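Okay, here's what each chain looks like letter by letter:
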Amino acid sequence: MTGTDTKTKHGDASDGSSNSLGARLSRFDGPDKIRGAARYALENHPANLAHAVIVQSTIAAGTVRAIDVAAAQVAPGVLLVLTPDNALHLDSASNWLGAPPPDAPYLPLARTVTFNGQHVAAVVAETLEQAIEAASLIRITYDATDAIPDFDDPRAGEGQPMDPMKIDWGDAETAFAAAPVRIEETYRTPREYNVPLEPHGLVAQWDGDALTIWEPSQWIDGMARTYAEWFAIPFDKVRIVSPYVGGGFGSKALACAHGAIAIMAAKMVGRPVKLAVTRPQSFTAFGGRPATRQTIALGATREGKLLSIVHRGDNETSVDGFAVEPLGAVTALMYATANLSSRQNIVPVNTVLPGPLRAPGENPSAFGIESAIDELAYAVGADPLAIRLLNYAEEDPHARKPWSTRQLREAFAVGAERFGWSRRTPAPRSMREGNQLIGWGVAAGTYPVRRTAGEALVRILADGTVEVASSSIDMGTGTYTILAQTAADALGVAPDRVRVKLGDSSLPRAPVAGGSQLANLMTGAVHKAALAARDELIGLAINHPSSPFRDVQANTLVIADGRIAAPRGNGPAVPIAELMRKIGREQIEVLRDTLPEASRSDEDRYKNFTTVATMRSPTDGDYSLHSWCAHFVEVRVDADFGTVRVSRVVSGIDSGRVYNPKLAESQWQGGIIMGIGQALLEEGIVDRRHARVVNNNLADYLIATNADIPDIEVISVGIPDPHASALGGKAVGELGIVGVAPAIANAVYHATGRRIRELPITLDKLM
Amino acid sequence: MRGFSYLRPGSPDEAREAARDPSAAFLAGGTTLLDLAKCGVAEPERVVDITHLSGLATITVGDDRITLGALATMSRVADEADIRTHCPAVAEALSQAASAQIRNMATIGGNLMQRTRCAYFRDPATFPACNKRAPGSGCAAIGGAVRNHAVLGVSESCIATYPGDLATALVAFDAVVHVGERRIAADDFFLLPGATPDREHPLEPGEMITAIAIPASPAARRSTYLKIRDRQSYEFAAASAAVGLELAADGRTIRDLRVALGGVATKPWRARGVEDALRGKIFEPETVKRASLAAMEGAVDHGANRFKIDLAPRVVARAILTLGGLA
Ligand SMILES: Cc1cc2nc3c(=O)[nH]c(=O)nc-3n(C[C@H](O)[C@H](O)[C@H](O)COP(=O)(O)OP(=O)(O)OC[C@H]3O[C@@H](n4cnc5c(N)ncnc54)[C@H](O)[C@@H]3O)c2cc1C
Ligand code: SF4
């Protein structure tokens, strides 16, 4: 099965003139969202709904001595006060790799506190207001112990080495020591948080031992598995409904403790329960990107050709969990070097377990290496763009495999051209306008192509319309739209004749919408199913006794614009609906998956859709598969105040074939916008005495506003990549953010002569 | 969030009467009150909604003063063309404050009464120690995350920044707060924390702001509000300056100068030291920059907020120079 066996349009990214795959169509789910007709999880109010509110710890380490619930229990409307003392027993669940769980209970409400803001108790009441009021009446006393607030605390130590993250080739230390030009610096990123517009939360309803959950989800099957294991019920008794997801950025892929609490509460009160995590609570209800620090030593020739890279990285993790932010991801991939060594430690501190946030690993990794290479450029007097081309990796320097496609040179070229890079004056502080110091910076980014098998159902209906069904999700990324385009393309109908149903466990299964893999794997599955449906329809048209094509004597037929016809136009052109009527069919339904032939047992399928164990790495196979981008950024820094404004961004982007340029551009631009916030604003501020994040709200945790965002020009330079995916696309969603922060830091250096190696670049660092 | 009773009085007198109980609170736009109720800081037992009272939202721009009714919204005042002419600093302060949505809801009276953004003040469940909230309980902020805390007007009891923009402009131009018949100079309307940071205004329970009057002056006509922050919108000031300038007939001698600072002090901070240093002087960049340093007289930092001591004089100098056409 590949895309090449149909007459799909395989153009470059901008083959958008057609009306199907590759077309620049607006999001099909857009109008419903604008009208408020798209119902999000927390807008489901089943009859007899009760409301749950969580109470979080106010210390970071210690044990809960006592919880005084007396006042809460008798507060108006209270149905249940939930504490570790009366919580139901839950089993532990397997992790996302499917590793068997420990034989210990799972405790969503903590008796032993390991971070400030951990869930300790909950109240269920008739109304939300009553639950809030009662929750404020709960008195918790603790036996506090010392907490380690962050990885700069000496008590945190060096952390644990992550041996699987070790990368070595050549003799990096020796080559560095012998290199004519050496630079060595440390780069740091703070804790960053997932703050999607739609809050986390769920509505949980039991019906006997069947459980229905309305919850925004990036991975319905994975979360359903966790819930099933926690509550010891069969997987197929859990139904998650998640047709719309108001952003996730990685934070809605895994079941969280608040989910367990709501489901437990629903069971105990015998009513459906709604639990909405408040914005402040969300900073500790799930983890964001951990704080990172990396030391990068570059050894080079006097011309700037890399001889060696020595990389040492650390990220924070929680004291009772395990989170790795792979800081060597870009370091060991971007540039050709004969010697490289990379190590990573994780340092346990009293924080919520960090989690994935848009481009985990690649994002901070790029901040390090793309800042360092810029420093090298100045050290040897090279142009920052030229030094990147000088060290261009012609093959994957780590896996030693050819790139499937790498249009990074083209991305640099088109970006530099549109940006006007050649007019840049090299010296720092050389481009001034009044009080504004102007700086131009460049940085590259990359994101791997990950691959998991998918499944899709395609149904041709009697009226000639088409249905596509999958439990995969659309978090604003465009799944509804591109799957309609894919089916339309394969079946020869207009995209608006295709209805896509997503986000419900009752539909065919799907793996995680994470790692930027969903669009590629789902277009592959839908394409396969749609072709099979087309073949079945054409088979019927040729062979069915009452078909108008019975006498045409054709081996095959074509479908275009919703009409079936003989390939050479000899004979009738029959609308699909008419054919369906003539042959007496209500529908043609085809379910297909893209699992390998050898692994299609029920067990294999369960593993494929509920774990990430079958996700293929970008270098599994003969090629190394990655998306690439080059960001060119102009900043204006006020000479007196140190305020940084990004005034222009031009990015050349290689995501392979683009299924819908409008939606892909929106993803790239969204990533760049998030990158601007990351570079200049975002930072979880920790009160080190209390190990607590104190700016846990959207007034104080700063993300970019419209006023912070200039025009952003994104230019696709991708070409269809047949090795990367069935239809030729590569990663889109997480790519755009990678490299933005270093491009801005590099521009700030050019503007001011000040190298800021610690994000965010706030005004106090430049004054 | 606690249960409370809700009243909608028919007249200002009824409103005052209803709010005489110390556990009562006026409700105007609600953008501060509801926010603080949600985080457990405001727990009024009685909420007295004054938004329906008539006659309190009038804006008049006369020859000798601008009068803003307490219930005029921030966005209305910011967009009023006459105010942009007679006191641009006020309009600019308002249009750079909060977000468009908040400005559409929030009132001028409520704006003066907004409370500090000190994170410790706003999280009573975690930080019981806060002298402003619970007199005598201590100050959780000192020694903690204080990047946005004040460097001027601080005491051992409290270092919380007064966050508002409008009041900074009001203090610069000698505005007067009307509380019924009572008149309070804007500068006196905001109290230093001293040993009683819980007491922020000289208002007695039941007293209601009815209007704000800004006297007309040449300096007000030639004024500006410069707000510096990391985010370009929807953020409180790292430092701000409301400045008005009047030059003598020679076009280069400073006849009158008004300077007030925001974002760096425990109350809107009139910088008379800068004014005095420049009044009568020739308008000239180096003189202005040097004199602006006087704005920080008596400043005390607590570490992370040290940058404000460097930043604020630069903001003052830039604002003055901009008005004189030299920035
Ligand atoms: C996220 C956020 C960002 C913000 N950013 C800024 C900013 O950058 N700059 C800035 O200046 N402000 C900012 N604000 C504050 C905002 O301007 C105030 O919340 C608003 O002006 C308050 O007006 P209101 O009518 O909503 O007051 P309310 O919330 O109704 O009332 C506030 C207080 O004043 C009392 N009150 C109201 N009216 C009267 C009256 N007539 N007499 C006596 N007492 C009265 C109330 O009892 C209450 O205690 C921000 C607010 C938020 C929530
Ligand atoms: S600075 Fe003032 S408001 Fe903040 S905690 Fe201390 S006393 Fe309370």
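The structure displayed is predicted, hence computed values, not measured ones.

**Student:** Talk me through the site of ligand 2; I want residue IDs and the actual numbers.
**Tutor:** Close to ligand 2 lie 14 residues, the nearest being Cys 118, Cys 130, Cys 139, Cys 158 and Ile 159 of chain B. Across the shell around ligand 2, the residue classes break down as 10 nonpolar, 3 polar and 1 charged.

**Student:** Lay out helix H14 (residues 602-610) of chain A in plain terms, naming residues and giving numbers.
**Tutor:** Along an α-helix, residues three or four apart share an orientation, since each turn contains 3.6 residues. Turning to H14 of chain A, its buried residues are Arg 605, Asn 608, Phe 609 and Thr 610 of chain A. In the core, the buried residues of H14 of chain A are packed alongside helix H5 (220-230), strand E19 (455-461) and strand E25 (587-593) of chain A.

**Student:** Got a sec to walk through the domain arrangement of chain A? Specific residues and values, please.
**Tutor:** Residues and elements named next belong to chain A. The assigned domain composition of chain A is domain 1 (13-37 + 452-610) and domain 2 (402-449 + 619-766). Tallying the contact residues gives 25 residues for domain 1 and 22 residues for domain 2. Both faces considered, domain 1 and domain 2 share a buried interface measuring about 1,800 Å² in area, 52% of it formed by carbon and sulfur atoms. Inspection of the region where domain 1 meets domain 2 yields 1 salt bridge. Here Glu 665 ties to Arg 24 by a salt bridge, and the two come within 2.9 Å at their closest N and O atoms. Scanning the region where domain 1 abuts domain 2 turns up 11 residue pairs in polar contact (both at pLDDT 80 or more). Within the residue set of the side of domain 1 that touches domain 2, elements represented by two or more residues are helix H11 (479-491) and helix H12 (518-543). Among the elements that take part in the side of domain 1 that touches domain 2, H12 stands out by supplying 5 residues, more than any other. A per-class count over the side of domain 1 that touches domain 2 returns 6 nonpolar, 16 polar and 3 charged.

**Student:** Can you lay out the site of ligand 1 for me, pointing to particular residues and giving the numbers?
**Tutor:** Residues in contact with ligand 1 amount to 31 residues; listed here are only the nearest, Phe 26, Gly 30, Thr 31, Thr 32 and Asp 165 of chain B. More than one chain lines the surroundings of ligand 1; the residues nearby belong to chains A and B. Within the side chain of Gln 114 of chain B, an N or O atom sits 3.2 Å from a nitrogen atom of ligand 1. Ile 209 of chain B is positioned such that a nitrogen or oxygen atom in its backbone is 2.9 Å from a nitrogen atom of ligand 1. Surface burial for ligand 1 is 93%, taken as the share of its 980 Å² of free accessible area covered by protein chains. The dominant element in the shell around ligand 1, judged by the number of residues it contributes, is strand E2 (residues 24-27) of chain B, at 3 residues. Residue composition of the shell around ligand 1, by class: 18 nonpolar, 9 polar and 4 charged. Domain assignment of the residues forming the shell around ligand 1 places at least three in each of domain 1 (5-49) and domain 2 (59-113 + 163-323) of chain B.

**Student:** Describe the sheet that holds strand E1 (residues 50-56) of chain A, and please don't skip the residues or the numbers.
**Tutor:** Residue and element names in this part refer to chain A. Strand order in this open sheet of 7 strands is E3-E5-E1-E13-E10-E11-E12, and the pairing throughout is mixed. Looking along the sheet, the strands with just one partner apiece sit at the ends: strand E3 (78-82) and strand E12 (238-241). Along the sheet, successive strands turn relative to each other by an average axial angle of 20°, direction set aside. Of the strand pairs in this sheet, strand E10 (residues 201-207) and strand E13 (residues 273-276) are connected by 4 bridges, and their pairing is antiparallel. If you follow Ala 204 over to E13, its bridge partner there is Val 273. Packed onto the sheet, helix H6 (residues 257-269) meets E1, E3, strand E5 (119-125), E10, strand E11 (210-214) and E13 and runs at close to 35° relative to E10.

**Student:** Outline the interface of chain B and chain A, listing residues and values.
**Tutor:** The interface of chain B with chain A comprises 34 residues on the first partner and 31 residues on the second. Together, Arg 231, Gln 232 and Arg 318 of chain B form the three largest contributors to the area buried by chain B at its contact with chain A, with a combined 24%. Run the count over chain B and chain A and you get 5 salt bridges. Residue Asp 764 of chain A pairs with Arg 147 of chain B through a salt bridge whose shortest N-O separation is 2.7 Å. Across the contact surface, chain B and chain A share 18 residue pairs in polar contact (both at pLDDT 80 or more). Contributions of two or more residues to the side of chain B that touches chain A are made by strand E9 (223-228) and helix H13 (307-323) of chain B. Here the residues of the side of chain B that touches chain A sort into 17 nonpolar, 6 polar and 11 charged.

Thresholds applied
- Residues numbered from 1 in each chain as written.
- Chains lettered and ligands numbered in written order.
- Predicted model: local features only at pLDDT ≥ 70, side-chain atom pairs only at ≥ 80, totals over all residues.
- Heavy atoms only, no water.
- Near = heavy atom within 4 Å.
- Nonpolar A, V, L, I, M, F, W, Y, C, P; charged D, E, K, R; others polar.
- Buried < 20%, exposed > 50% of the residue type's maximum accessible area, 1.4 Å probe, protein only.
- Helix = DSSP H or I, 4+ residues; strand = E, 2+ residues; numbered from the N terminus.
- Contact = heavy atoms within 4.5 Å.
- Domains from an automatic or database assignment.
- Buried area = accessible area lost by both parts, 1.4 Å probe.
- Salt bridge = Lys/Arg side-chain N within 4 Å of Asp/Glu carboxyl O.
- Polar contact = N/O pair within 3.5 Å; in protein donor to acceptor, adjacent residues only side chain to side chain.
- Areas by Shrake-Rupley, 256 points an atom, 1.4 Å probe, with all protein chains shown as cover.
- Pairing = 2+ DSSP bridges.
- Axes fitted to C-alpha atoms, helices over the stretch in contact; angles between N-to-C directions.

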